[in-house]
2 protein chains.
Amino acid sequence: MYTLHPQLQADTFPVCDMELCEARLMNDRRFPWVILVPRRDGVTEVHQLSADEQNLLIHESSLTAGVLSRMFEADKINVAALGNLVPQLHWHVIARSRGDRAWPGPVWGYGERLPYEKKESAALLTKLQDTLRGMPCG
Amino acid sequence: MYTLHPQLQADTFPVCDMELCEARLMNDRRFPWVILVPRRDGVTEVHQLSADEQNLLIHESSLTAGVLSRMFEADKINVAALGNLVPQLHWHVIARSRGDRAWPGPVWGYGERLPYEKKESAALLTKLQDTLRGMPCG
């Protein structure tokens, strides 16, 4: 049975379910940052997924990347699976801007998370949901 | 025509050609770190590749991840495409250990690269080439 890791639950808002992954918004207003969590229990590495699941993961990642890129006019998209702290496999898709606080460094481990105001996260979640729902995998 | 970015050329050693990517070893003995560069010119983002190319990329990444994981008895594999500094699309596959210098943080931007001794890189390259050549995509 798939259960979301409590740390991911605490740090993110639910966006939508894709075919393989649960898409969630990181509660950090410094960076537009979506986390994709494959709904597979006990998986910690991308290469533990089946070939079909890996194809779905990269497809859902790219779908999310395209949406974030257009929505935030990003200069760069960063995608990654690290998991050094939270073992459950989760995939980062982050819209980066040349002016953002961590640029050009990575966002992980950079300073403190800055939570959204409630209205702000609600508006962004609606926007992401409306956009992703129009997509093949959303 | 595909040309490797001069920065990637300077920082890495060639390992082998896979179906989509050129695999290269990062010249940094602190971390077992392979860079996969899709042989496609002008591509800066994973989502700019075709669906088939994205599938190949994740497949070649996982092949490399499995090899590094076994070879170095890694605690974790980190995979990522950042490209905030070098625009040419390149994909990181890094074997992490709980005892490594940057753990549990990311390796990018962490301290100074520590180049291999010549004998050491030659031995590792041979080992990687021999292992990857036995693989479907190597």
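Shown above is the structure to which this text applies.
These numbers come from a predicted model, not from an experiment.

Here's the deal with the nonpolar core
With 64 residues, the main nonpolar core has A:Trp91, A:Leu128, B:Trp91 and B:Leu128 as its most contacted residues. Dropping the residues within four chain positions of it, A:Leu128 is found in contact with A:Val15, A:Leu25, A:Val34, A:Val67, A:Leu68 and A:Met71.

A word on the relation of the copies chain B and chain A
Each copy of the chain is related to the other by a rotation around an axis and a translation along that axis. For the pair chain B and chain A, the relating rotation is 180 degrees, the translation along its axis is 0.0 Å, and the fit reaches an RMSD of 0.0 Å. Each copy turns onto its partner about a two-fold axis. Considering only C-alpha atoms, the part of chain B nearest the rotation axis is B:Ala80, at 2.0 Å. Both copies present the same face, since 100% of the interface residues in chain B are matched by interface residues at the equivalent positions in chain A.

As for the interface of chain B and chain A
Taken together, the contact between chain B and chain A spans 30 residues of the former and 30 residues of the latter. A buried area of about 2,500 Å², summed over both sides, lies between chain B and chain A, and 57% of it is on carbon and sulfur atoms. Looking at the side of chain B facing chain A, the largest losses of area belong to B:Ile58, B:Lys76 and B:Asn84, adding up to 24% of the total buried there. At the surface where chain B touches chain A, the tally comes to two salt bridges. The salt bridge partner of B:Lys76 is A:Glu45, with a shortest N-O separation of 2.9 Å. Here chain B is connected to chain A by 18 residue pairs in polar contact (both at pLDDT 80 or more). Going through the elements one at a time, α2 (51–71), β4 (76–81) and β5 (91–96) of chain B are the ones with two or more residues in the side of chain B that touches chain A. Of the residues forming the side of chain B that touches chain A, the biggest block, eight residues, is contributed by α2(B).

Focus on the packing of helix α2 (residues 51–71) of chain A against α2(B)
Packing of α2(A) against α2(B) leaves a shortest axis separation of 9 Å and a crossing angle of 120 degrees. The pairing of α2(A) with α2(B) is recorded here as oblique in orientation. Like other packed secondary-structure pairs, α2(A) and α2(B) cross with a definite hand, here right-handed. Residues A:Gln54, A:Asn55, A:Ile58, A:His59 and A:Ser62 of α2(A) form the contact with α2(B), whose participating residues are B:Gln54, B:Asn55, B:Ile58, B:His59 and B:Ser62.

What counts, and where the lines are drawn
- Each chain carries its own residue numbering, running from 1 in the written order of its sequence.
- The naming scheme follows written order: chains are lettered A onward, ligands numbered 1 onward.
- Reporting in this predicted model follows two pLDDT cut-offs: at least 70 for local features of residues, and 80 or more for side-chain atom pairs to be given and counted; totals over whole chains, interfaces and linings ignore these cut-offs and use all residues.
- Only hydrogens and water are set aside when side-chain values are computed; all heavy atoms of the structure are taken into account.
- Working definition of a nonpolar core: buried Ala, Val, Leu, Ile, Met, Phe, Trp, Tyr and Cys residues. They are joined through side-chain atoms within 4.5 Å.
- For every residue, the accessible area obtained with a 1.4 Å probe (protein chains only) is divided by the maximum for its type, and the residue is called buried under 20%, exposed over 50%, and partly exposed between those limits.
- Residue contacts are defined here by distance: any two heavy atoms, one from each residue, within 4.5 Å place the two residues in contact.
- Here the copies are matched by least squares. The fit uses the C-alpha atoms of residues with pLDDT of at least 70 in both.
- The quantity reported as buried area is the accessible area (1.4 Å probe) lost by two parts once they are put together, taken as the sum for both.
- Whenever a carboxyl oxygen of Asp or Glu lies within 4 Å of a side-chain nitrogen of Lys or Arg, that contact is scored as a salt bridge.
- In protein, a polar contact means a hydrogen-donor-capable atom and an acceptor-capable atom, both N or O and within 3.5 Å, with residues adjacent in sequence counting only if both atoms are side-chain atoms; elsewhere, any N or O pair within 3.5 Å suffices.
- Under the DSSP-based scheme used, a helix requires at least four consecutive residues in state H or I and a strand at least two consecutive residues in state E, with every element numbered from the N terminus.
- Helix axes are fitted to C-alpha atoms over the stretch in contact, other axes to C-alpha atoms as well, and angles between N-to-C directions run from 0 to 180 degrees.
- Should an angle fall under 35 degrees it is called roughly parallel, over 145 degrees roughly antiparallel, and 65 to 115 degrees roughly perpendicular, with every other angle called oblique.
- Helix crossings are classified by the rotation of the near helix relative to the far one: an anticlockwise turn of less than a right angle makes the crossing left-handed, while a clockwise turn makes it right-handed.

Read these as spatial facts, not as claims about activity.
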